[in-house]
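A structural walkthrough
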Amino acid sequence: MMIATLILAAFVLRMGAVLDAPQTHLDLKGIDRSVDPGDDFFAYANGTWMRRTEIPPDRSSYGVFSILDEQVEERTADLIREARRSKSLDSESAKVGACYDAYMDEASIEAKGLGPLKAELAAIAAIANRSDLARVLGRSLRADVDPLNNTEFHTDRPFGLWAGPDFANPDRYVAYLLQGGLGMPDRDNYRSTASKDVELQGKYRSHIAAVLKLAHVANPEAKAARIYSLERKIADAHVSRTDSVDVLKANNPWRLSDFPSRAAGFDWMTYFEAAGLESQPMIMVWHPSGVVGTAALARSESLSLWKDYLRFHAIDRASALLPRAFAAERFKFYGTALTGAQKPRDRWKRAVEATNAALGDTVGKLYVRRYFPPEAKAAAQEMVRNIVTAFGRRIDKLDWMSPDTRDKAKSKVKSLYVGLGYPERWRDYSGLSILPGDALGNVQRSELFDYRASLAKLGKAVDRAEWAITPQTVNALNLPLQNALNFPAAILNPPFFAAADDAVENYGAIGAVIGHEISHSFDDQGSQFDQQGRLSNWWTPEDFAHFRTAADRLVAQYDAYEPLPGLHVNGKLTLSENIADVAGIAASFDAYRSAYGDKSAPGPSAFTGDQRFFLAFAQVWRAKRRPEALRSLLMTNGHAPEEFRADTVRNIDAWYEAFGVHPGRKLYLAPDDRVRVW
Ligand SMILES: [Zn+2]
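Residues numbered from 1 in each chain as written. Predicted model: local features only at pLDDT ≥ 70, side-chain atom pairs only at ≥ 80, totals over all residues. Heavy atoms only, no water.

**Observations concerning the overall build of the protein chain**
The line we're drawing: Helix and strand definitions follow DSSP, with helices as H or I runs of at least four residues and strands as E runs of at least two, each counted in order from the N terminus. The quantity called the radius of gyration is restricted to C-alpha atoms. Its globule counterpart is 2.2 Å times the number of residues to the power 0.38. Burial classes follow relative accessibility: with a 1.4 Å probe on protein chains only, a residue under 20% of its type's maximum area counts as buried, one over 50% as exposed, and anything between as partly exposed. Residue contacts are counted whenever heavy atoms from the two residues lie within 4.5 Å of one another. Methods summary: accessible areas were calculated by the Shrake-Rupley approach with a probe of 1.4 Å, and residue burial reflects only the protein chains presented. For the charge count, each Lys or Arg is scored as positive and each Asp or Glu as negative, with His and the chain ends excluded. A single reference atom marks each charge: NZ on Lys, CZ on Arg, CG on Asp, CD on Glu.
Along the backbone of the protein chain there are 28 helices and 9 strands. Computed over its C-alpha atoms, the radius of gyration of the protein chain comes to 25 Å, within 12% of the 26 Å expected for a compact globule of 678 residues. Principal-axis analysis of the C-alpha atoms places the extent of the protein chain at approximately 75 × 60 × 50 Å. Put simply, the protein chain has 678 residues, and 59% of those count as buried. For the protein chain, long-range pairs separated by at least 24 residues make up 73% of all intrachain contacts whose partners lie at least 6 apart in sequence. Carbon and sulfur atoms form 52% of the exposed surface of the protein chain, whose accessible area is close to 26400 Å². Separation between the mean location of the 84 positive side-chain charges and that of the 86 negative ones in the protein chain comes to 4 Å.

**Notes on the pattern of salt bridges**
A side chain of one charge can pair with a side chain of the opposite charge when the charged atoms of the two come close. The cut-off we apply is this: The term salt bridge refers to a side-chain nitrogen of Lys or Arg lying within 4 Å of a carboxyl oxygen of Asp or Glu.
Summed over the entire model, instances satisfying the criterion amount to 50 salt bridges. Between Arg345 and Glu70 there is a salt bridge, and its shortest N-O distance comes to 3.3 Å. With Arg345 in the loop between helix 17 (324-339) and helix 18 (347-371) and Glu70 in helix 3 (residues 64-85), the pair connects residues that are 275 residues apart, well separated along the chain. As far as the burial class goes, Arg345 and Glu70 line up, both buried. Connected through salt bridges with shared partners, the residues Asp58, Arg59, Glu70, Glu73, Arg345, Lys349 and Glu353 form a single ionic network.

**Quick word on the sheet that holds strand 7 (residues 477-479)**
Worth spelling out the cut-off: Here, any two strands with at least 2 DSSP bridges between them count as paired. Here the axes come from fitting lines to C-alpha atoms, over the contacting stretch only for helices, and the angles between their N-to-C directions go from 0 to 180 degrees.
Spatially, 3 strands are ordered 6-8-7 in an open sheet, and the strand pairing comes out mixed. Unpaired on one side and paired on the other, strand 6 (417-421) and strand 7 mark the two borders of the sheet. Ignoring which end each strand starts from, the neighbouring axes of this sheet average 15° apart. Looking at chain direction, strand 6 and strand 8 (residues 484-488) are connected through 5 bridges and run parallel. Note on strand 8: the bridge partner recorded for Tyr417 is Ala484.

**Re the coordination of the zinc ion**
Quick note on the threshold: For Na, K and Ca the donor cutoff is 3.2 Å, while for all other metals N, O and S atoms must lie within 2.8 Å; water is not among the atoms, so some sites may look incomplete.
Protein coordination of the zinc ion is provided by His516 (NE2), His520 (NE2) and Glu577 (OE), with donor distances spanning 2.0 to 2.1 Å. Mapped onto the sequence, the donors of the zinc ion take the spacing H-x3-H-x56-E. Here Glu577 lies in helix 24 (residues 575-596) and His516 lies in helix 22 (residues 503-520), a separation of 61 residues in the sequence. Across the pair, Glu577 and His516 agree in class, each one buried.

**Description of unusual backbone geometry**
With omega at 5°, the peptide bond leading from Pro494 into Pro495 counts as cis. With phi around 40°, Thr151 is a residue other than glycine that occupies positive phi space. Along the polypeptide, Thr151 turns up in the loop between helix 7 (130-139) and strand 2 (159-165). Residue classification places Thr151 among the partly exposed residues on the basis of a relative accessible area of 35%. The residue Asn483 is not glycine, and still its phi comes out positive at about 40°. With respect to the helices, strands and loops of the structure, Asn483 is situated in the loop between strand 7 and strand 8.

**What about helix 18?**
Definition in use: Residue count minus one, scaled by 1.5 Å, sets the expected span of a helix. The angle between axes fitted to the seven-residue stretch ending at a residue and the seven-residue stretch beginning at it gives the bend at that residue.
With 25 residues, helix 18 extends only 24 Å from end C-alpha to end C-alpha; this falls clearly short of the ideal 36 Å at 1.5 Å per step. Leu359 marks where helix 18 bends most, by close to 110°. With 18 of 25 residues buried, helix 18 is to be regarded as a mostly interior element.

**Here we look at the sheet that holds strand 2**
Across the sheet, which stays open at both edges, the 4 strands sit in the order 2-3-5-4 with mixed pairing between neighbours. Whereas interior strands pair on both sides, the edge strands pair on one side only; in this sheet they are strand 2 and strand 4 (253-255). Between one strand axis and the next, the sheet turns by 35° as a mean value, whatever way the strands run. In this sheet, strand 3 (residues 173-179) lies alongside strand 2 in antiparallel orientation, the contact comprising 7 bridges. Residue pairing across strands places Pro165 opposite Tyr173, the latter belonging to strand 3.

**Here we look at the packing of helix 19 (residues 374-396) against helix 20 (residues 403-414)**
Describing two packed helices takes the angle between their axes plus the distance from one axis to the other. Rules: Oblique is the label for any angle not covered by the other classes, which are roughly parallel (under 35 degrees), roughly antiparallel (over 145) and roughly perpendicular (65 to 115). Amino acids outside the nonpolar list (Ala, Val, Leu, Ile, Met, Phe, Trp, Tyr, Cys, Pro) and the charged list (Asp, Glu, Lys, Arg) are all regarded as polar, and Gly is one of them.
Closest axis-to-axis distance for the helix 19/helix 20 pair is 10 Å, and the angle between their directions is 180°. As summarised for this structure, helix 19 and helix 20 are arranged roughly antiparallel, according to the angle between their axes. Between helix 19 and helix 20, the residues in contact are Val388, Phe391, Gly392, Ile395 and Asp396 and Arg406, Ala409, Lys410 and Val413, respectively. Its residues assigned to classes, the contact of helix 19 with helix 20 shows 5 nonpolar, 1 polar and 3 charged.

**Here we look at the pairing of strand 8**
Regular strands show a simple pattern: their side chains alternate between the two faces of the sheet. Burial analysis of strand 8 places 5 of its 5 residues in the buried class, which makes it a mostly covered element. The sheet contact formed by strand 7 and strand 8 spans 3 bridges and is antiparallel. The residue bridging Leu477 from the neighbouring strand is Asn486, located in strand 8.

**Let's talk about helix 7**
Cut-off, in case you're wondering: Side-chain atoms alone can form a polar contact between residues adjacent in sequence; in general such a contact is a pair of N or O atoms within 3.5 Å, and within protein one must be able to donate a hydrogen while the other accepts it.
Buried within helix 7 are the following residues: Asp132, Leu133, Ala134, Val136, Leu137 and Gly138. Buried-residue contacts for helix 7 involve helix 6 (118-125), helix 14 (268-275), helix 15 (288-300) and helix 16 (303-318). Measuring from the side-chain oxygen of the N-cap residue of helix 7 to the backbone nitrogen of Ser131 gives 3.1 Å; that N-cap residue is Asn129.

**Description of the side chain of Lys307**
Following the sequence through the fold, Lys307 ends up in helix 16. Despite its burial, Lys307 pairs with no opposite charge; the closest candidate is Asp132, at 7.8 Å N-O. Discounting chain neighbours no more than four positions away, the residues touching Lys307 are Ile124, Ala125 and Ile127.

**A look at the packing of helix 24 against helix 25 (residues 609-620)**
Let me state the cut-off plainly: Here a crossing is called left-handed whenever its near helix is offset anticlockwise from the far helix by less than a right angle, and right-handed whenever the offset is clockwise.
Where helix 24 meets helix 25, the axes come as close as 11 Å, and the angle between the chain directions of the two elements is 145°. Crossing geometry of helix 24 relative to helix 25 is assigned as right-handed. Contacts from Ile585, Ser588, Phe589, Tyr592 and Arg593 of helix 24 reach helix 25 at Gly609, Asp610, Phe613, Phe614 and Phe617. Among the residues forming the contact of helix 24 with helix 25, the class breakdown is 6 nonpolar, 2 polar and 2 charged.

**Here we look at the side chain of Glu70**
According to the relative accessible area criterion, Glu70 is buried, its value standing at 16%. Residues in contact with Glu70, not counting those within four places in the same chain, are Arg59, Arg345 and Lys349.

**Looking at the nonpolar core**
As a reminder of what qualifies: Joining through side-chain atoms within 4.5 Å is the link that ties buried Ala, Val, Leu, Ile, Met, Phe, Trp, Tyr and Cys residues into a set, and such a set is a nonpolar core.
Phe41, Phe614 and Trp678 are the most contacted members of the largest nonpolar core, which totals 102 residues. Top element by residues in this core is helix 24. It accounts for 10 residues. For Trp678, the residues in contact, after removing those within four places along its chain, are Phe391, Arg394, Ile395, Leu398, Met401, Ala409, Phe522, Trp539, Phe547 and Ala583. Within the second largest apolar cluster, 86 residues are counted, among which are Val217, Phe272, Leu277 and Leu322.

This is the structure we're talking about:
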């Protein structure tokens, strides 16, 4: 039902408004009218859909985002296959086709065996002293993390690099160094003593042994135990996921000459030279204890252990593109054990993913040309303008805020850069060589190409209009150091957005997403960046104290949610996202009301305008998740599970009136207990 609606809507959007009356994108049959909206708004909006929907075996979760993902993936796959067939094959389209084909070419992958890893494994085998170790680690550094825009903190390499605007001077790019080196997603996966986590630790040790065995490494079991214990020590040095999002703890500019004394044990000069970072005046150390701890382990642990560890990770990282037995072992752990998925995603879907990862902007250009007409962009632009205005008006009405802080907040809103659909300038991939029949080589060259592009940015002027997400990604971003927002074309699709259809639903769905991203500039993290994106305290102490109090109440509200027995939402870890949800829906609601002036706002369903607004909001958060994936989300993700994001409505006064929610209902909050951050 849902899929059919989506396909019809996409057709309408593409062809222009061929139908006269606006359509609804609410899934009316998915509502569960036996639930009182005041007891469980998520279940009211989605209960029937939840009961009728099964998570596909290749997925760890399923909901609006994944449904839209799959739709975009199908479109993208067609575009890639068309690009390959096109007679006027330009070199960019040819690359896209070659990248996809190489991924699909399982026979070549099987025939090559570990061949594509030969050079990397030989370099590891040749490590004879600590300087060699530093050199090999330096050469393997990649730009595979992004702590602020995409909140990607994980890399299985010992360190990760992000080229981002400088905290102190966001006009130029500097290098940020992050902790890494763990195969499992987070330090808590290693440290937790909960039985499920202990079970996972055992499965990871078996996985290490299985990979070594497949690669014919001698004594795989004993080596796996030692590799695991090294990772456990690295995990103990790691900064927690909750502290990782605290930018004040990440603001550690170290001169290169500081490293040998501040993080002793490691041959930093050799490392930086091998990584191409030797001429940087300073490096921002995001995770001091992780960097210090790993540097010390580089000295205290034996070279032979480090070599085993590096060998394992080189193979494990590549295993999706190694012969079938390696790929199957990879899925057994990272798919089934970690997320509960029962079978790998279809190969063509993974090939699309890999092509997006290597040539994201080229594929994006094709996507936008076909699926993002100028009318859609114009309609979305108007919504953004209205919501930005509404956000500004809310700031005007904050009675607790001093005029000085208020002026600064308003000028921050005014100077936001909003990217809609796609970037103004596309990336140039002419320096990247994509070869037929070399899937793993393509990934390796692409990662190196991206790393060199990051190095080339260091010290240069920041382009505030640069995007950190591709147009064909179903998501949206706030880029705090650029004071910028990115709304990719792929999320500007039903049920989030349909230019020709019910605008009230658009406000409840994409409008709340737009409000969410604007609000990130004013959440507990974003509020520490000023209008230029500089990390600076522009608040009066009284104003900031007031803000913290509201934030603490939101932490408590989310800490109380218990999605699995004994396992609660981490209110602190998810605070930024929860503030953005509360403030985002409030701003979008104001914008919708001032566009309509009337809460009844007749539309294509029997619901009033206010009801449609809140239902559209709650329905885009519909999702089912396997317990394994839910545990992992609760431990490592900055977002609360979708169910509680939908229930954000309990902080909005108009929701109570729209659904007649009175004291005694489970979600009821007394007016004074509703959190109003912005
Ligand atoms: Zn967010």
